[in-house]
Amino acid sequence: LAPDFCILTAYLKSAVMALPASSNAVIVIVDIKEDRIDDFLKVMEKDAKGSRDKSQDPGCIRFDFLHSRDTPNRYYFFEFFTDDEGAVLHKASAHYKAWADFKASGGVEKQEVVKLESASIPGGWALQANDAPYSRAGSCVFVQVEIKPDRIDDFLKAMEVDVTKSQIGRAHV
């Protein structure tokens, strides 16, 4: 895996706050033209603040904005929505339009969107409910893996142990 793409598992463990099992997540990875970074940061401040305001974006549960340690012009948006309709409402908001207008102006060199969900993972352990002060991660790692189809059950069992033990361990910090 490329170092930049290994940026959000420990983060997911510590940053996600009491999310409904049916929620949907999106990770957006963008490379911004170097001469447009200041404009981009202003737009993203508006988008992030609007997304976190329930009166402006009631379907957005969480919106985090992150910067790559390894690639100076690469940024990540980590967004959780109540459901698909919540994501549709988000894209109709004025704060999202500011981002869309920036993108349309040619400030983005490259964009990738990764759509995620947890409802298909049995047992209710996949998302961490956590309101402790340490849930504001200052550093994070995102690991993307492809599991052989005949090993998915083994992988889910191993991840359940990792996730639930990590949550228990953090509760004692």
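Residues numbered from 1 in each chain as written. Predicted model: local features only at pLDDT ≥ 70, side-chain atom pairs only at ≥ 80, totals over all residues. Heavy atoms only, no water.

Undergrad: I keep staring at the pairing of strand β3 (residues 74–81) and nothing clicks. Help me out?
TA: Note on strand geometry: in a regular strand, side chains alternate between the two faces of the sheet. When you tally the buried positions in β3, you get eight out of eight residues, the bulk of the element. The alternating pattern of β3 places R74, Y76, F78 and F80 on one face and Y75, F77, E79 and F81 on the opposite face, and all of these are buried. Bridging between strand β2 (residues 60–67) and β3 involves seven bridges; their strand directions are antiparallel. In the sheet register, F65 faces β3, and the bridge partner there is F77. The turn joining β2 and β3, which pair antiparallel and follow one another in sequence, is formed by six residues. (Buried < 20%, exposed > 50% of the residue type's maximum accessible area, 1.4 Å probe, protein only. Helix = DSSP H or I, 4+ residues; strand = E, 2+ residues; numbered from the N terminus. Pairing = 2+ DSSP bridges.)

Undergrad: Help me understand helix α4 (residues 94–104), please; the structure alone is not making it clear to me.
TA: Residues separated by three or four positions in an α-helix point in the same direction, a consequence of the helix having 3.6 residues per turn. The complete set of buried residues in α4 reads H95, Y96, A98, W99 and F102. For α4, the arc enclosing every buried residue in end-on projection is 150°, short of the 170-degree limit, so these residues lie on one face. Summarising the geometry of α4, the exposed residues directed more than 90 degrees from the buried face are A94 and A104. Taken together, the buried residues of α4 touch β1 (24–32), α2 (37–52), β3, α3 (84–91) and β4 (108–117). Backbone geometry just after α4 places G106 at a positive phi near 95°. (Arc of directions from axis to C-beta. Contact = heavy atoms within 4.5 Å.)

Undergrad: Just checking my understanding: could you explain the packing of aromatic side chains for this structure?
TA: For any pair of aromatic rings, the description rests on two quantities: the centre-to-centre distance and the angle between the ring planes. By the definition in use, this model includes 11 aromatic pairs. When the centroid spacing of 5.8 Å and the interplanar angle of 50° are considered together, the rings of F65 and F77 count as tilted. You can see F65 sitting in strand β2 and its partner F77 sitting in strand β3, a full 12 residues away along the chain. Classification of F65 by relative accessible area gives partly exposed; the value is 25%. You can call F77 buried: its relative accessible area is 2%. Note on F77 and W99: the rings are 5.1 Å apart at their centroids and 80° apart in plane angle, and the pair reads as edge-to-face. (Phe/Tyr/Trp six-rings, centres within 6.5 Å; stacked < 30°, edge-to-face > 60°.)

Undergrad: Where do I start with the sheet that holds β3 in this structure?
TA: A sheet is described by the order of its strands in space; here four strands give the open sequence β2-β3-β1-β4, paired in antiparallel fashion. The sheet terminates laterally at β2 and β4, the two strands that pair on one side only. With strand direction ignored, the average angle separating the axes of adjacent strands in the sheet is 15°. Where β1 lies against β4, nine bridges are found, and the strand directions are antiparallel. Note that in β4 the partner of I32 across the bridge is V108. Contacting β1, β2 and β3, α2 runs over the sheet at an angle of about 160° to β2. Docked against the sheet, α3 engages β1, β2 and β3, running at close to 130° with respect to β3. (Axes fitted to C-alpha atoms, helices over the stretch in contact; angles between N-to-C directions.)

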